Amino acid sequence: MIDNLEKLHEEVTGRLERCASEEEIEQIRIDYLGRKGGKLTALMRGLRELPADQRPRAGQELNRRRGEIEGLLETRLDDLRRNRGRPMDQGPRLDVTLPGNRVERGRVHPLTRVTDEIIDVFTGMGFEIARGPDVEDDYHNFEALNIPRDHPARDMQDTFFVSDDHVLRTHTSPVQIRIMEQRRPPLQIIAPGAVYRHDDDATHSPVFHQVEGFMVDHDISFGDLKGVLTLFLEQIFQDEVRVRFRPSFFPFTEPSAEVDIGCILCRGARDAGNCRVCRGSGWLEILGSGMIDPNVFGFVGYDAEAFSGFAFGMGVERIAMLKYGMDDIRLFFQNDIRFLRQFPP
Ligand code: PHE
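Right, let's walk through the structure included here.

Scoring rules and cut-offs
Residues numbered from 1 in each chain as written. Predicted model: local features only at pLDDT ≥ 70, side-chain atom pairs only at ≥ 80, totals over all residues. Heavy atoms only, no water. Helix = DSSP H or I, 4+ residues; strand = E, 2+ residues; numbered from the N terminus. Rg over C-alpha atoms; globule rule 2.2 N^0.38 Å. Buried < 20%, exposed > 50% of the residue type's maximum accessible area, 1.4 Å probe, protein only. Contact = heavy atoms within 4.5 Å. Areas by Shrake-Rupley, 256 points an atom, 1.4 Å probe, with all protein chains shown as cover. Lys, Arg positive; Asp, Glu negative; His and termini not counted. Charge placed at Lys NZ, Arg CZ, Asp CG, Glu CD. Pairing = 2+ DSSP bridges. Axes fitted to C-alpha atoms, helices over the stretch in contact; angles between N-to-C directions. Patch = residues over 30% accessible without salt bridge, like charges linked within 9 Å, V, L, I, M, F, W, Y side chains within 5 Å. Salt bridge = Lys/Arg side-chain N within 4 Å of Asp/Glu carboxyl O. Near = heavy atom within 4 Å. Polar contact = N/O pair within 3.5 Å; in protein donor to acceptor, adjacent residues only side chain to side chain. Parallel < 35°, antiparallel > 145°, perpendicular 65-115°, else oblique. Nonpolar A, V, L, I, M, F, W, Y, C, P; charged D, E, K, R; others polar.

## Description of the overall build of the chain
- Within the chain one finds 12 helices and 10 strands.
- Taken over C-alpha atoms, the radius of gyration comes to 39 Å for the chain, far larger than the 20 Å a tight globule of 345 residues would show.
- Viewed in the frame of its principal axes, the chain has a C-alpha envelope of about 120 × 50 × 35 Å.
- The buried share of the chain, reckoned over its 345 residues, is 42%.
- Across the chain, contacts joining residues at least 24 apart in sequence account for 66% of those joining residues at least 6 apart.
- Surface exposure of the chain reaches about 19,700 Å², of which carbon and sulfur atoms provide 49%.
- Here the chain contributes 45 positively and 58 negatively charged side chains, and the mean placements of these two sets differ by 14 Å.

What follows is the structure in structure tokens.
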């Protein structure tokens, strides 16, 4: 009997949920509570057949259930009347208390972020931003940068050729040439952008990004180069980063220097022998730089006696990897959401 009641109750709730009109509700009332043929009414009649000692409890239970069902019918009827004519009435029922679908917020890619930080530091020092084409001609990518055809320095960069004399630029230095061809000093320019080299492993990607920079005016000295780059590195890597200028060679600068910073992981500690970032040297190469070679000024028609300047170029991925402690450049380009989510919005 109790089981039967439970089943009836479930039936009623099920039907109520599906019903959409007052008539249907009335039908449910008749089917269960109707004087003749109502299922619950029938159970009440059956009370008589129960042994006398079970009757009171069963009677109580029956009354309780009837009250409940009457309540349900009433509530549903109210609902329907209140919502009559509303869109909800036609479609499935809407539970406005359910949590909504969360909208995923996008965030800036770590490389864009680091590029923006680099740009901010230089614009703060008065540099302007310039851009050049990704498909570059041989003249701007090599020739005018003092790298003649068949010069062994071309081997430093494994080039993607687009045609006999067009390449995917192997560095951002051609932007120096394009700007100097069009403008006269004083110039203080940075040029961010993608560059391409035939190289692919954990620390080299065939597409990566550089920020080029250069400054040309009367009496620009190596001291200016050191000052600007030291200030830049201190701002990008914060705290008192150690900076070292090491003699090097680039065809388009003379003298040339590579700039290292003190290893940000082991900080050059005595037991740095197996530091996985600097491999025990205590230093990390961070950018190439130098005083613009007089031959380059010759290509753009500047008087090398009257003007001097410095230039530098840095890899954005490398700086980002050091900043974020990463050891695989490919993570930047796989766009794995689990990687990208680690950078706060
Ligand atoms: N273009 C050089 C490179 O890609 C970097 C550089 C730029 C060096 C400007 C000196 C001056 O390696």
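## A word on the sheet that holds strand S9 (residues 283-292)
- Overall, mixed pairing links the 7 strands, which are arranged S1-S5-S6-S10-S9-S8-S7 in an open sheet. For this open sheet the edge positions go to strand S1 (128-129) and strand S7 (243-250), each flanked by a neighbour on one side alone.
- Where S9 lies against strand S10 (residues 308-315), 5 bridges are found, and the strand directions are antiparallel. Residue pairing in the sheet places Gly288 in a bridge with Gly313 of S10.
- Strand contacts of helix H7 (residues 174-182): strand S5 (187-196), strand S6 (207-217), S9 and S10, with the helix running at about 40° to S6, the strand carrying the most contacts.

## A closer look at a negative patch on the surface
- Taken together, the side chains of Asp158, Asp199, Asp200 and Asp201 present a region of like negative charge at the surface.
- Looking at the secondary structure, you find Asp200 in the loop between S5 and S6.
- Under the relative-accessibility criterion, Asp200 is labelled exposed at 57%.

## Focus on the site of the ligand
- Around the ligand, a shell composed of 14 residues is seen, among which His171, Ser173, Arg197, Gln210 and Gly313 lie nearest.
- In the model, an oxygen atom of the ligand is placed 2.9 Å from a nitrogen or oxygen of the Arg197 side chain.
- Within the side chain of Gln210, a nitrogen or oxygen atom sits 3.0 Å from an oxygen atom of the ligand.
- Relative to its unbound accessible area of 330 Å², the ligand is 91% covered by the protein chains.

## What about the sheet that holds strand S4 (residues 166-168)?
- Pairing in this open sheet of 3 strands is antiparallel, and the strands run S2-S4-S3 from one edge to the other. Sheet topology places strand S2 (135-137) and strand S3 (161-163) at the edges, where each strand pairs with a single neighbour. When strand polarity is set aside, the average angle formed by the axes of neighbouring strands in this sheet is 35°.
- Pairing analysis gives 3 bridges linking S2 to S4, with the strands arranged antiparallel. Bridge assignment links Glu136 to a residue of S4, and that residue is Val167.

## Thoughts on the packing of helix H5 (residues 110-124) against helix H10 (residues 316-324)
- Relative orientation of the contacting elements H5 and H10 amounts to 100°, with a least axis distance of 9 Å. Viewed along their axes, H5 and H10 adopt a mutual orientation that is roughly perpendicular. For the pair formed by H5 and H10, the contact residues are Pro110, Leu111, Arg113, Val114, Thr115, Glu117 and Ile118 on the first element and Val316, Glu317, Ile319, Ala320, Lys323 and Tyr324 on the second.
- A class-by-class count of the residues in the contact of H5 with H10 yields 8 nonpolar, 1 polar and 4 charged.

Any functional reading would require information that these geometric values do not contain.
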